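Here is what each chain is made of, one letter per residue.
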Amino acid sequence: MIKVKTLHKKYGPVEVLKGVDITFKKGKITAILGPNGSGKTTLMKSILGLVVPQSGSIFIEEKNILGQWDYRSQISYVPQIANFPGNLKVIELIQMIQDIRPGALHHKRLIETFKLKPFLDKKLAALSGGTRQKVNLVLAFMFETPLIILDEPMAGLDPVALILLKDLIAGEKAKGKTILITTHIITLVEEIADKLVFLLDGTVYFYGRVNELKEKTGQINLEKAIAAVLKGTYV
């Protein structure tokens, strides 16, 4: 379980998180949605320890993790933009991550799943954006961790790879893992998410099941429900 309490974060004069309070249930998939600048990535990076908030607390399994680092070994992370060294080959990057973080179990299976064998000896700078994203997914999912954080993991993926990723996420949930995900693919949220967090101007505007938001906005699908929120027709 992850508990975020009164989290505040500013970048200069801009307040990105304004007292966020939320609890992410263990073993569930929670989608974090909101317009650009709403604080989604900042919230995720605060949980990861990549952003230090001005005030507030974050607890993982009852342990306050702010200022700590050892808990990160229990997290797998797919960043929105992965900046790999372009001069490295794919296999060299995978081996480097294995050396830095021992315990990789599934890299061979994932390489097969995403059909990356033909690219292992190619330099990362020569790969398409979608292929680099597949490498990014291998690096995250090759470790067994109880918490998975996915920031726009579908970016650049073709339809076949998207289906493979959805199956991968479903398999990780079946193991009892806690998964946080941001995505602009609303149909995916409806398909896989147990809960939905909607951030607006740095605050939690809604937290609940997808169907609850549709019911409260009087809309038949999630895209229209979110549009109703953004237009101010639902309070």
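Preceding this paragraph is the structure being described.
The structure presented is a predicted model; accordingly, all values stated were derived computationally and were not measured. The residue numbers shown here count from 1 along each chain, following its written sequence. Restriction of local features to residues with pLDDT of at least 70 applies here, the model being predicted, together with a cutoff of 80 or more for giving and counting side-chain atom pairs; totals for whole chains, interfaces and linings are based on all residues. To get the side-chain values, take all heavy atoms of the structure and skip hydrogens and water.

Next up on the list: the overall build of the chain. Only DSSP runs of H or I reaching four residues or more are called helices, and only runs of E reaching two or more are called strands; each is numbered from the N terminus. A tally of regular secondary structure across the chain gives eight helices and 10 strands. Atoms counted for the radius of gyration: C-alpha only. Globule rule: 2.2 Å times the number of residues to the power 0.38. Here the C-alpha radius of gyration of the chain, 18 Å, is about what a compact globule of 235 residues would show, namely 18 Å. Summarising its shape, the C-alpha atoms of the chain cover approximately 55 × 40 × 35 Å along the three principal directions. Burial classes: relative accessible area under 20% of the type maximum marks a residue as buried, over 50% as exposed, and values in between as partly exposed (1.4 Å probe, protein chains only). Across the 235 residues in the chain, those meeting the buried criterion constitute 47%. Reported accessibility uses the Shrake-Rupley method at a 1.4 Å probe radius. Residues are deemed covered only where the shown protein chains occlude them. Carbon and sulfur atoms make up 54% of the accessible area of the chain, which totals about 11500 Å².

Moving on, we come to the layout of surface pockets. Buriedness of a pocket was judged along seven lines, with at least five required to meet protein on both sides within 12 Å; pockets are open sets of points on a 1 Å grid over the protein atoms alone, cavities are sets where a 1.4 Å probe fits but cannot get out, and lining residues have an atom within 4 Å of a point. Grid points are joined across faces, edges and corners, and a volume is the space filled by probe spheres set on the points. Volume-wise, the largest pocket comes out at about 560 Å³. Y77, P79, I97, R101 and L139 are the residues nearest the centre of the largest pocket, which is lined by 20 residues in total. Contributions of two or more residues to the lining of the largest pocket are made by β6 (75–78), α2 (90–100) and α4 (129–141). By the convention adopted, Pro, Cys, Tyr, Trp, Phe, Met, Ile, Leu, Val and Ala count as nonpolar, Lys, Arg, Asp and Glu as charged, and the other residues, Gly among them, as polar. Here the residues of the lining of the largest pocket sort into 15 nonpolar, three polar and two charged.

Whenever a helix is involved, its axis is fitted only over the stretch in contact; in every case the axis is a line through C-alpha atoms, and angles between N-to-C directions fall within 0 to 180 degrees. Close contact between helix α7 (residues 210–217) and helix α8 (residues 222–231) brings their axes to 9 Å; oriented N to C, the two are set at 55°. The orientation of α7 relative to α8 falls into the category oblique. Crossing angle aside, the handedness with which α7 passes α8 is left-handed. Along its contact with α7, which presents V210, L213, K214 and T217, the element α8 presents L222, A225, A228 and V229. Taken together, the residues that form the contact of α7 with α8 break down as six nonpolar, one polar and one charged. Between 65 and 115 degrees an angle is taken as roughly perpendicular, under 35 as roughly parallel, over 145 as roughly antiparallel, and anywhere else as oblique. By convention, the crossing between two helices is left-handed when the near helix turns anticlockwise from the far helix through less than a right angle, and right-handed when the turn is clockwise. A contact between two residues is defined here by any heavy atoms of the two lying within 4.5 Å.

Salt bridge, as used here, is a side-chain nitrogen of Lys or Arg placed within 4 Å of a carboxyl oxygen of Asp or Glu. Within the structure shown, the criterion is met by 11 salt bridges. In this structure, K166 engages E191 in a salt bridge whose closest nitrogen and oxygen atoms are separated by 3.1 Å. Here K166 is found in helix α5 (residues 159–174), whereas its partner E191 is found in helix α6 (residues 186–192), with 25 residues between them in sequence. Classification of E191 as exposed rests on a relative accessible area of 51%. Where salt bridges share partners, they join E144, E172, K175 and K177 into one cluster.

The next subject is the packing of α4 against α5. Following both chains from N to C, one finds α4 and α5 inclined at 10°, their axes separated by 12 Å at the closest point. Considering the angle they form, α4 stands roughly parallel to α5. Two secondary-structure elements touch here, α4 through K134, L137 and F141 and α5 through A161, L165, L168, I169 and E172. The residue inventory of the contact of α4 with α5, partitioned by class, reads six nonpolar, no polar and two charged.

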